Amino acid sequence: MTQKYGLLFDNYWCTGCHSCEISCKNEHDLPLGQWGIKMLELGPWEKTEGDWEHKYYPVLTSYCDLCKERTEKGEVPACQLHCLASAIEYGPLDELAEKMAERGKCSSILIP
Amino acid sequence: MSTFIKESAAPQKQVLADGTEIHRTSPWSPPGCHGVGCGIRAFVKDGKIVKLEGDPDHPVTEGRLCIRCLRALDIQYHPDRIVHPMFRDPKDRGTDKWKVISWDEAYNKIEEEIVKCKEKYGPNSLSVLTGTGREAGRYMTNTSARVCVTTNQCYTQSGFSCMAPRDTVCSMIGGAGYIEYDYANGLPGKYDDPEFVQPKYLLNWGRDSLRSNPDGTWGHSIIELMKRGTQLINVDPRVNWLSTRSLHHMQLRPGTDTALALGLLWVVINEDLYDHEFVEKWCYGFDKFKDRVNEYSLSWASEVTEVPEETIRAVARCLSEKPWGLNMGLANDQNPNGVESVHCLYALVAITGNLDIPGGTNLGWNITLDFGGNEYDAVDGVAGSKKKESLPPNPVTKEQRESTIGLNKYPIFKLLLGKAVPDLFLETIETDDPYPIRFCWILHTNPVAPTNSAQPMRWKNALQRMDFVVAQDIFINPTIAAACDLFLPLATWLEHDGYTTPLMGEHPGPVAAMIKVIEPLGEAKSEYQIIEDLSKRPAYWNNFHLEDGSTKFESPARYISEDLTKLVMFGKDWDYLKEHVDVCRKTEYRKYERGLLRPDGSPGFNTTTGQIELYSLMFASCGGDPLPSYEEPRFLQIAKPEWAEEYPLILTTGARNWASFHSEHRQVKVLREIKPYPVVEIHPNTAAKLGIFEGEWVCIENPWGKCYEKAKLTTRLKENVVNADHGWWYPEEDMNEPSLGGVWASNINELVPNNEIGFYGFGAPYKALPCKITKADKPPITEYRAQDLPSSQNYPGSIKNDAKLKDLMR
């Protein structure tokens, strides 16, 4: 079976900057109102005093091709390059899963 | 000063097989941003920029880029961008009766109007206005002192409430530049450099760095530090995202920063948590300072700020552990009591021994970049001025300096800034008292929208009293639509050469080259080029040229090289910078021990006593209190109980968002999709009492004015605090009077008073005002989906009316 690739997101450190959304829009020349990657917001709400839930979860749409053209040239996907918090990583799924396990919390791996 | 480069970086320019050029460069303005100098790769095909992306070779940003730059081409090639000079008869202000003129006609007009104004109203009857953090600041003194020959240069924000208060206090107390947390940006190995020590804590005080990259500091360095183990202590009336990731969040009552800082100092001093050796060796007046702090108490601070005693105590104990960095924000400036909060925070860094140590809080170099109007300017070798630029002393007279609006009342302005005091300047242009000012030159700012001014309607009316107003910008904005007569189209940061330095050049890290990657569109010119053109005219020749005919304004390369070698102590010229794009100045720690701060080369600080003056002789010499004290916010419930029933909520403004730089970027549909309309954040319980639902338009009102924004319900704020967006206008609305691009619909600064400033003329209450909120009966403007946003603008000098440029439009 050929190796599958995906994106690993660090949802603890994602600051919600929208750079993934817009750089993807640039890369794939997507129209207004449509997205290749869209950031969803969880919270903020207060669980117990002083302890807050507030996270951003970028999700992939069917426009996402993991920046095939870029990765074939040895470049990283546009969302990874521009992410201000360096919270996105492209790679083979098994490697990403290992990294996710190492991190141990608040991460997601997505394939389009 | 030693510098280093990234050896493995790609060349400045590469050419691909299909002829596409890739240029490494960095942005500043226009469009506006703080000059971080983030790394950019611009792809140019057949003379058109086809793509922008982050430059992985930038030593700090490493390819990361925010959405404003990711969509910069929407501005570069926007149909409504103005690329030809335009003139409108002053009697037609507020209408769209502009006509295209040539640059020669524009310069002739300027020269003629300057002469006319001086003859009619006197030598200082001209003024130059500037805004926040843009490259225009580099050229303001040249425009005011050498072309207009006036000293009335004004930054229009009430209380000069941006950077100058913080920077000035640093000069007054420490005799050096701004203090900023260490994020290893001036070390070749960055966070892994052997010289660096991981900070234990970062004290983040009223600064939303992630969105603003404040004052040129890379905001997401906070995330890098935290990923490596630094713990965050956040001071903010909002539970913002950073607060949810912090060890301690101090959710203070807006405007009570000084009380909180005094509370922390009280614990540090009374629990004996300070660095005795540092205090003895390097601090002046500690005993008096301590006595002042002891006039307050922890319980008092807790009551005033609404931050629990145990939190203040716990934070103070953290701050006794070295090293920690201070990230001190705009909230300290936008407060009439802000000079005092900065004084306290500086003292907190100093007495805990965290000043200029690895991983602590770096002391800035004492570099004055082209402020140029203070009384030492053009006096060789005095104070901070050791300028050896190829420019003659500027021709303003001593009488002019002394008559600059407000300097006699506010000595720090006279001593360090040499600019008009904004609050008094506004009164002068409204009343002609003490003398008329009837010519105004606006350098890439928008005081009516507003970027920063208080009570913008007053600014608009006052500007309309001028005989002649010139503006340089890239779009017609509400200020220009209302009051300007001559429009000079600016080249963007992709169309001219320049450079950026973090924190006004005072701090280490990358000096970045901003490189012209294409010729300016149409007839646009850079701010530099406008001055160079004017310097060649006989009327201004002697103001720019030395006797042998040489001048710094010979070319952009010479101008930048002289700045780099003679002002920012960089030691390398433009050719070198341009070749390498990013050249880092190395961090130097413990400069006070190494004789790097004083002109005589001896150890110590560059103050009268050679120490950090906790008891400030400079404040005393300016007639003020040498020690910090607390002032209750002037208009909130405690100071103004008679207003509390009518205006029960506390209004805080000025928080930044990802999609705009103050009043800019509203023309870009993709960015309007991210941030379509201004919002005011309200606690759901408060909204429920007022019958307000999510997304509804509401009216925000206080004794000074009212405006409309959309309600966003969130528990991030306390029930009695609301947080409203600033800088909103609507380019899709009618640009003529009275609409002016819908500028009065959501103008939150109409609720901010002028001339409610601190003792030294610094700090206005942008972040602590009373208000009430009611449901709006109808939207104040027409709402559109981003993709349907229309443009009613049709200016003759715009891209869409230039047959040669039409094809470039986005």
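Scroll up to find the structure.
Description of the structure in this document. (Residues numbered from 1 in each chain as written. Chains lettered and ligands numbered in written order. Predicted model: local features only at pLDDT ≥ 70, side-chain atom pairs only at ≥ 80, totals over all residues.)

## Comments concerning the overall build of chain A
Stage number 1. Looking only at helices and strands, chain A has four helices and five strands in total.
Stage number 2. In sequence order, chain A lays out its α and β elements as β-α-β-β-α-α-β-α-β.
Stage number 3. Against the 2.2 N^0.38 benchmark of 13 Å for 112 residues, chain A shows a C-alpha radius of gyration of 15 Å, consistent with a compact globule.
Stage number 4. Seen through its C-alpha atoms, chain A measures out along the principal axes to roughly 50 × 35 × 20 Å.
Stage number 5. Per-residue burial for chain A yields a buried fraction of 38% across its 112 residues.
Stage number 6. The contacts in chain A between residues at least 6 apart in sequence include a share of 60% that link residues at least 24 apart. (Helix = DSSP H or I, 4+ residues; strand = E, 2+ residues; numbered from the N terminus. Rg over C-alpha atoms; globule rule 2.2 N^0.38 Å. Buried ≥ 20, exposed ≤ 12 C-beta atoms within 10 Å, placed from the backbone. Contact = placed C-beta atoms within 7 Å.)

## What to know about the sheet that holds strand S26 (residues 697–702) of chain B
Stage number 1. Spatially, S24-S28-S25-S27-S26-S29 (chain B) is the arrangement adopted by the six strands of the closed barrel, whose pairing is mixed. Ignoring strand direction, the axes of neighbouring strands in this sheet form an average angle of 45 degrees. (Pairing = 2+ DSSP bridges. Axes fitted to C-alpha atoms, helices over the stretch in contact; angles between N-to-C directions.)

## Digging into the pairing of strand S27 (residues 705–713) of chain B
Looking along a regular strand, one sees side chains alternate from face to face of the sheet.
Residues and elements named next belong to chain B.
Stage number 1. Sheet topology note: the strand S25 (residues 679–682)/S27 ladder contains four bridges and is parallel. Each bridged residue has a counterpart across the sheet, and for Val680 the counterpart in S27 is Ala711.
Stage number 2. Two elements, S26 and S27, share six bridges in a ladder whose sense is antiparallel. By the bridge assignment, Asn702 is partnered in S27 with Gly705.
Stage number 3. Count of turn residues in the S26/S27 antiparallel hairpin: two residues.

## Details of the sheet that holds strand S5 (residues 48–54) of chain B
Residue and element names in this part refer to chain B.
Stage number 1. Overall, antiparallel pairing links the four strands, which are arranged S2-S3-S4-S5 in an open sheet. The sheet is open, and its two edges are formed by strand S2 (13–15) and S5, each paired on a single side. Averaged over all neighbouring strand pairs, the angle between strand axes comes to 20 degrees, with direction disregarded.
Stage number 2. Where S2 and strand S3 (residues 21–25) come together, three bridges link them in antiparallel fashion. For Lys13, the partnering residue across the bridge sits in S3 and is His23.

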